[in-house]
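# Observations on the three-dimensional arrangement
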Amino acid sequence: KAGVTQTPRYLIKTRGQQVTLSCSPISGHRSVSWYQQTPGQGLQFLFEYFSETQRNKGNFPGRFSGRQFSNSRSEMNVSTLELGDSALYLCASSPAGATNEKLFFGSGTQLSVL
Amino acid sequence: AQSVTQLDSHVSVSEGTPVLLRCNYSSSYSPSLFWYVQHPNKGLQLLLKYTSAATLVKGINGFEAEFKKSETSFHLTKPSAHMSDAAEYFCVVTPFSGGYNKLIFGAGTRLAVHP
């Protein structure tokens, strides 16, 4: 069974641009969540989707958005990039997104904003 | 609100010696607690989780953790460190309800294992 797949693995963008990251969950998993990892702030929750609906959102500005498709694949978008958006973005999936469920993480997309 | 504090940012041990990674939590309710591990250039992997069934939780690769409500602690231990244990470890708490995988991570503890 394939794991969580995130593409691309690396991205370099300049300030003001926008970027779209993709996440394909494990087959059969309906919940996808996104996290941002930086040396200064650590791992922070961005948002979680289940059956194409956003159920939970972290404390990030509206420049960060996401969506989920009917096949459970998810994308997140960051508009008007800032230097501080440079981070490792991790996607995780689980069968139903219940509080105690084990999450399966992808290897992440490393975004560098110049 | 829930939070976790990992008391050591770096821990260094010799191969074959015990490992202790410390975590204290803050929660208004009985929490769900986890330990995740992140190896370089890899995603996070669940080591173990506590969900009130038993206070001593056994995980993968010989790790275990004990939930102590009186001390609000959930320390991670391993009797004998292996070189492959070198990684970053995160103590994690989830909200009592409605959390829907909104994990709250500690700052992490980087474990170094020396020969």
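For the structure, check the block above.
Here's what I pulled together on the structure shown here.

Conventions adopted
- Residues numbered from 1 in each chain as written.
- Chains lettered and ligands numbered in written order.
- Predicted model: local features only at pLDDT ≥ 70, side-chain atom pairs only at ≥ 80, totals over all residues.
- Heavy atoms only, no water.
- Disulfide = S-S within 2.5 Å.
- Helix = DSSP H or I, 4+ residues; strand = E, 2+ residues; numbered from the N terminus.
- Buried < 20%, exposed > 50% of the residue type's maximum accessible area, 1.4 Å probe, protein only.
- Pairing = 2+ DSSP bridges.
- Phe/Tyr/Trp six-rings, centres within 6.5 Å; stacked < 30°, edge-to-face > 60°.

## Examining the state of the cysteines
In the structure shown here, the tally under the stated rule is two disulfides over all chains. The disulfide partner of Cys23 of chain A is Cys91 of chain A, and the gap between their sulfur atoms is 1.7 Å. One disulfide, between Cys23 of chain A and Cys91 of chain A, carries an S-S torsion of -55° and so falls in the left-handed class. With Cys23 of chain A in strand β3 (residues 19-24) and Cys91 of chain A in strand β9 (residues 87-94), this residue pair connects regions lying 68 residues apart in the sequence. Like Cys91 of chain A, Cys23 of chain A is buried. The disulfide bridge from Cys23 of chain B ends at Cys91 of chain B, spanning 2.0 Å between sulfur atoms. The sign of the -70° torsion about the S-S bond sets the Cys23 of chain B-Cys91 of chain B disulfide as left-handed. Here Cys23 of chain B, found in strand β4 (residues 23-26), pairs with Cys91 of chain B, found in strand β10 (residues 87-94); they are 68 residues apart in sequence, far enough to count as distant. On the basis of relative accessibility, which here comes to 0%, the residue Cys23 of chain B falls in the buried class. Classification of Cys91 of chain B as buried rests on a relative accessible area of 0%.

## Re unusual backbone geometry
Negative phi values dominate among residues other than glycine, just as trans dominates among peptide bonds. Residue and element names in this part refer to chain A. With an omega of -10°, the peptide bond running from Thr7 to Pro8 counts as cis. You will see that Ser72, though not glycine, has its phi angle at about 80°, which is positive. The phi torsion at Thr80 lies on the positive side, around 45°, for a residue other than glycine. Relative to the assigned elements, Thr80 resides in the loop between β8 (74-78) and β9.

## Quick look at the pairing of strand β4 (residues 31-38) of chain A
The side chains of a regular strand alternate between the sheet's two faces. Residues and elements named next belong to chain A. Burial runs high along β4: eight of the eight residues are buried. A two-sided burial pattern is seen for β4, the buried positions comprising Ser31, Ser33, Tyr35 and Gln37 on one face and Val32, Trp34, Gln36 and Thr38 on the other. By the bridge criterion, eight bridges tie β4 to strand β5 (residues 42-50) in an arrangement that is antiparallel. Residue pairing for β5: Tyr35 is matched across the bridge by Phe45. Counted along the chain from β4 to the antiparallel partner β5, the turn is three residues long. Inspection of the sheet shows β4 paired to β9 by seven bridges, in the antiparallel sense. Its bridge partner lying in β9, Gln37 is registered against Leu88.

## Brief notes about the packing of aromatic side chains
Applying the stated criterion across every chain, the model contains 13 aromatic pairs over all chains. Ring geometry for Tyr35 of chain A versus Phe105 of chain A: centroids 5.9 Å apart, planes at 50°, classification tilted. One end of the pair, Tyr35 of chain A, is in strand β4; the other, Phe105 of chain A, is in strand β10 (residues 104-105), and 70 residues separate them in sequence. Like Tyr35 of chain A, the residue Phe105 of chain A is buried in the burial classification. Ring centres of Tyr25 of chain B and Phe67 of chain B lie 5.5 Å apart, and the angle between their planes is 20°; this geometry places the pair in the stacked category. Taken together, the residues span a long stretch of sequence, with Tyr25 of chain B in strand β4 and Phe67 of chain B in strand β8 (residues 64-68) at a distance of 42 residues. Relative accessible area serves as the criterion here: at 8%, Tyr25 of chain B is assigned to the buried category. The exposure class of Phe67 of chain B is buried, given its relative accessible area of 7%. Through successive ring pairs, a cluster of aromatic residues spans Tyr35, Phe45 and Phe105 of chain A together with Phe34, Tyr36, Phe90 and Phe105 of chain B.

On their own, these measurements won't tell you what the molecule is for.
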